[in-house]
Amino acid sequence: MVQNRVPQNDRPGDPGYAECLSAFEARVARGDKVEPGDWMPGAYRQQLIRLIHVHANSEICGALPEGGWIPHAPSLKRKLALVAKVQDEVGHAQLLYRAAETLGKSREEMIDELITGKAKYSNVFHYHAETWADVATIAWLIDAGAIVNQRMMAEGSYGPYARALKRICYEEAFHLTHGYDMCITLATGSKLQHDMLQDAVNRWWKPIMMFHGPSDGVSTHTDQLMRWRIKLKTNDEQRQEFLKQYVPKVHELGLTLPDPNLRFDEEADAWRYTEPDWDEFMNVIRGNGPASALRLRARRMAHEDGAWVRRALEAAARGNRATVNQNDE
Amino acid sequence: MSDTQWPVFEVFHQQARGEPHVHVGSVHASDAEVALLMAKEQFGRRQACVNFWVVPADAITATAYDDVDIFEHGTDKSYREAYGYETTRRVRAQTTKRPRSLRPPEE
Ligand SMILES: [Fe+2]
Ligand SMILES: [Fe+2]
């Protein structure tokens, strides 16, 4: 295959590592993209595999709470849009697994690690989507948070990941607008609808505030990730960007946010908020959230229930190959 | 569970007749026929497209990025370009010097 070659001298202390590293860092600092065949530090490769794998898993697991609501969508138009969004999210996972594969980890390994609970996925998908208003809130505010993250990552240094993200961001624009549209319907509807949306926002605010990951003081890899332009903004910077764009829009819909400390600090040009409980965050992403077990079970079931389709395709492919060979003789 | 790691096919799409096929990404598929189906699902959901190509990824041979020498233009290659020739200036310079017989007839 084009992309893969055996990583060489890519650990500190290996012969030639220092020279390769300084050439690599100079390239990245120039804004050049790194491509699969290029020399890269082993740690760069590992960090990217970890991030892209978690990202891909999150797309898959994000489709689960939304997918469950497809039969209950309130109108045909909403149902069509939700089906399209769910298909997009699963498509995003496939694009991302492919990007991670160029770094040397197979899709099968990644899917197995997800199903067996070894690999992580975004904190927000460890919670239940209890009402239709949760679906609206997820599609608006969680996709909004994801867009802040993905727009930034799309400018990152690794070519295949950046290319996948450009395509993904294009589709996210539809998710966001459709989510906003659903929230506007509920916010401007009957009192019951408005209350239902307020409830959902109250439920989701804590997970949303954790979505961009531990604050810069707690987060471990930030320095290296920024130097190698895997990430261009810290978790806190992303959280601020999200708050600046969306808190005013939430208020505009006549909704409140369940944090008594949330206020805009004009002087610091930043939102102040109650620091999320990062121990709780870690506990949730380790698989101890309210919906964690359900998500994995659903994912595993889909995988096992689909096994016969894969076997059939495999057999058909073998048949095709046999026919081709016969014709050759 | 070793039944999902199918071969990779690189996908090229053509947005309209007459346009070139452009690489858009890749899919896993059991064979080329399924790869076309996956390509359509993955890359043909929205954007205009009239044609897909799928190519087994291992059928592609590529140059190496670190082999920069092969793209190095060590010498002046302007003789390969239209801008490397100063026809207009040369013709203008000559018109005044030319023998009378070569000038356009005067009216
Ligand atoms: Fe997505
Ligand atoms: Fe999305």
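If you're wondering where the values come from, they're calculated on a predicted model, not measured in any experiment.

**Quick look at the overall build of chain B**
When its secondary structure is counted, chain B shows two helices and three strands. Seen in sequence order, chain B has helices and strands lined up from the N terminus as β-β-α-β-α. Here chain B holds 107 residues, and 25% of them are scored as buried. A fraction of 38% describes how many contacts in chain B between residues 6 or more apart in sequence connect residues 24 or more apart.

**Observations concerning the domain arrangement of chain B**
Accessible area lost on assembly of the parts is the figure often given for the size of an interface. On domain assignment, one finds that chain B holds domain 1 (8-59) and domain 2 (68-97). For domain 1 of chain B versus domain 2 of chain B, the separation of C-alpha centres amounts to 41 Å.

**Thoughts on the coordination of the iron ion (ligand 2)**
All names here are of chain A. Around the iron ion (ligand 2), the protein contributes the donor atoms E89 (OE), D143 (OD), E172 (OE) and H175 (ND1), which lie 2.0 to 2.2 Å from the metal centre. Viewed at the metal, the four donor atoms of the iron ion (ligand 2) are separated by angles of 84 to 167°, and the geometry they form is irregular. In primary sequence terms, the donor set of the iron ion (ligand 2) follows E-x53-D-x28-E-x2-H. Under the relative-accessibility criterion, H175 is labelled buried at 0%.

**Focus: the environment of D223 of chain A**
Structurally, D223 of chain A is set in helix 8 (residues 222-227). For the pair formed by D223 of chain A and M282 of chain A, sequence separation is 59 residues and the distance between their alpha carbons is 20 Å.

**Digging into the coordination of the iron ion (ligand 1)**
Residues and elements named next belong to chain A. Bound to the iron ion (ligand 1) are the protein donor atoms E59 (OE), E89 (OE), H92 (ND1) and E172 (OE), situated 2.1 to 2.3 Å from the metal. Look at where the donors of the iron ion (ligand 1) fall in the sequence and you get E-x29-E-x2-H-x79-E. Between the two metals, the iron ion (ligand 1) and the iron ion (ligand 2), the spacing is 3.4 Å, and E89 donates to both. With a gap of 33 residues between them, E59 in helix 2 (residues 42-67) and H92 in helix 3 (residues 76-101) connect regions that are remote in the sequence. For the pair formed by E59 and H92, the shared burial category is buried.

**Comments concerning the packing of aromatic side chains**
Both the distance between ring centres and the angle between the ring planes are used here to describe each pair of aromatic rings. A complete count under the given rule lists 15 aromatic pairs over all chains for this structure. Chaining the aromatic ring pairs together yields one cluster made of Y17, F24, W39, Y44, Y158 and W228 of chain A.

Rules behind the numbers
- Residues numbered from 1 in each chain as written.
- Chains lettered and ligands numbered in written order.
- Predicted model: local features only at pLDDT ≥ 70, side-chain atom pairs only at ≥ 80, totals over all residues.
- Heavy atoms only, no water.
- Helix = DSSP H or I, 4+ residues; strand = E, 2+ residues; numbered from the N terminus.
- Buried < 20%, exposed > 50% of the residue type's maximum accessible area, 1.4 Å probe, protein only.
- Contact = heavy atoms within 4.5 Å.
- Domains from an automatic or database assignment.
- Donors = N, O, S within 2.8 Å, 3.2 Å for Na, K, Ca; no water.
- Tetrahedral: all angles 85-135°; square planar, octahedral: opposite > 155°, others 65-115°.
- Phe/Tyr/Trp six-rings, centres within 6.5 Å; stacked < 30°, edge-to-face > 60°.

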